[in-house]
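Residue strings, one per chain:
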Amino acid sequence: MFAVFKRARKAALTAAAAVSAIALTACDPIAVGTGPTINTSKPVPVALLVPRGSAQQGDSVLAKSLENAARMAIADLDGVQIDLRVYDTAGSPEVASGAAQQALNDGARVILGPVYAEAANAAGIAARQRGVNVLAFSNNPAIAGGNVFILGPTFDNTAQRLTSFAARNGKRNILIVGGNDAAGTAGRSAIQRAASQSGVNIAGSVGYELSQQGVINAIPNIRSQAASADAVFLTSTTAGALPLLAQLLPEAGVDPAEKQYIGLTRWDIPPQTLSLPGVQGGWFALPDQSKVQQFSARYQASYGAAPHSIGSLAYDGIAAIGALVAAGKSDALTAGALTQGAGFQGAGGIFRLRSDGTNERGLAVATIQEQKVVIIDPAPSSFAGAGF
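Within any chain, residue numbers begin from 1 and follow the written order of that chain's sequence. Note on the predicted model: pLDDT of at least 70 is required for a residue's local features to be given, and 80 or more for side-chain atom pairs to be given and counted; whole-chain, interface and lining totals, by contrast, use all residues. Only hydrogens and water are set aside; all other atoms, that is, all heavy atoms of the structure, feed into the side-chain values.

Here we come to the environment of L242. A run of DSSP states H or I qualifies as a helix once it reaches four residues; a run of E qualifies as a strand once it reaches two. Both are numbered from the N-terminal end. Along the chain, L242 turns up in helix α8 (residues 242-251). For every residue, the accessible area (1.4 Å probe, protein chains only) is compared with the maximum for its type, and the residue is labelled buried under 20%, exposed over 50%, or partly exposed between those bounds. The exposure class of L242 is buried, given its relative accessible area of 0%. C-alpha of L242 to C-alpha of T273: the two residues are 31 residues apart in sequence and 8.9 Å apart in space. Among residues more than four places away in sequence, those in contact with L242 are L234, S236, T237, W267 and T273. The contact criterion used is simple: two residues touch if any of their non-hydrogen atoms lie within 4.5 Å.

This is the structure in structure tokens:
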């Protein structure tokens, strides 16, 4: 357990440094209509920036999965031609900037990727000078805005879905529990913002250091503050503090049968998490699983392997571009078109891009009963549906 926390702390410190650097260079807001014009009767040049060439383990698999998913989406388009060109970033901001410039010189009218926040930010700055929008695979809202849109799922989106669901089900006094790291701080802030929009009261907030002893030390304070709450919202992941919290909190008298446990992250991955005592009856959000399973099955059949966990974001990007180009308008790739309210159908259900560069995804609310995932509020099929 302690080794897990040491790795999590190291990653958190790196993330905090990255966010700090990004804040200094993130793109300034631009007019909603900004973007290139295109000829929809000809193949539309689209650049895909992937982390191939990176020294980080797994990036070559991720790069291939993103490219495969993008090509799968292109094959699904009806009456739309996409000229996809793939560029390697090596996971580096410097290489990503150069790749973006090369893509623009090659005629790209929109850029998909890169994955990592600093690389996406660098690509965005390069593309901004040419009036081209970037649909990055990052989930870091620090880089969103201007000509950069992020496709990755965000804490704000999940927090909004779950606090709204909590309010509708009478859970209006929430205690937030999160680590004192970059991810925990971001998660707490997202829950606080969502609560103010959902009419939910924050009964308290408890932080903890990312170590086994740090979590143990926080238990009495959590137990004390939980007395005035009817729900406990945990920001921790299954690879971090969640397993320990899910064991210690019920033992300390914070009964999941009396206090609704809510998770900001996925509680169904890995599967052994489903056996933890504290997650039984808890709520968490996840994409439309019927759509996810359809995408995964098709990908497996086409490429002989399962897609990477974020590989589907490339499918989403092409799906959005294709839907807009299909309308036959020359302004299909401007910020105004990309942020249309109706949104798009992606590999995990509906999603739409927001004018601030973030995104909104249609999520389901799930619980765990007898160590199995049960959907208790389905993902909406349109943005007029439940939860929005």
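Following both chains from N to C, one finds helix α3 (residues 93-105) and helix α4 (residues 117-128) inclined at 35°, their axes separated by 8 Å at the closest point. By crossing handedness, the relation of α3 to α4 is classed as right-handed. Every residue of α4 that contacts α3 at P93, A96, S97, A100, Q101 and L104 is listed here: E118, A119, A122, A123, A126 and A127. Side-chain classes are defined by residue name, with Ala, Val, Leu, Ile, Met, Phe, Trp, Tyr, Cys and Pro counting as nonpolar, Asp, Glu, Lys and Arg as charged, and the others, Gly among them, as polar. Looking at side-chain class alone, the contact of α3 with α4 contains nine nonpolar, two polar and one charged residues. Every angle, taken between N-to-C directions, lies between 0 and 180 degrees, and every axis is a line fitted to C-alpha atoms, over only the stretch in contact when it is a helix. Definitions for this section: a left-handed crossing has its near helix turned counterclockwise from the far helix by less than a right angle. A right-handed crossing has that turn clockwise.

UniProt positions are given in the numbering used here, feature names are shortened, and annotations may be inferred rather than shown by experiment. Within the UniProt annotation, "domain: Leucine-binding protein" (unreviewed entry) is assigned to residues 43-369. The span residues 43-369 is 41% helical and 21% strand by assignment, and the distance between its end C-alpha atoms comes to 49 Å.

In this section: the pairing of strand β10 (residues 283-287). It is a general feature of regular strands that their side chains alternate between the two faces of the sheet. Buried residues dominate β10, accounting for four of its five residues. Bridge count between β10 and strand β14 (residues 363-369): five bridges; the pairing is antiparallel. Along β14, the bridge assignment pairs F284 with A366. In short, DSSP must find at least two bridges between two strands for them to pair.

Moving on, we come to the nonpolar core. By convention a nonpolar core is built from buried Ala, Val, Leu, Ile, Met, Phe, Trp, Tyr and Cys residues, the set being connected through side-chain atoms within 4.5 Å. V46, I82, L112, L135, F137, I318 and I321 are the most contacted members of the largest nonpolar core, which totals 44 residues. At the level of elements, β1 (44-50), α2 (59-76), β2 (82-88), β3 (110-112), α9 (289-303), α10 (312-326), α11 (335-338) and β12 (349-353) are the ones that each hand at least two residues to this core. Counting residues per element, this core draws most heavily on α10, at nine residues. Apart from the residues within four sequence positions on either side, L135 is in contact with V110, I111, L112, G113, F149, L151, G317, I321, L338 and L353.

Now for the sheet that holds strand β11 (residues 344-346). Two pairing modes exist for strands in a sheet, parallel and antiparallel, and in both the strands are linked by backbone hydrogen bonds. Read across the sheet, three strands follow the order β11-β12-β13 without closing on themselves; strand pairing throughout is antiparallel. Looking along the sheet, the strands with just one partner apiece sit at the ends: β11 and β13 (359-361). With direction set aside, neighbouring strand axes in the sheet form an average angle of 35°. As paired strands, β11 and β12 are joined by three bridges and run antiparallel to one another. Within β12, the position partnered with F344 by the bridge is F351.

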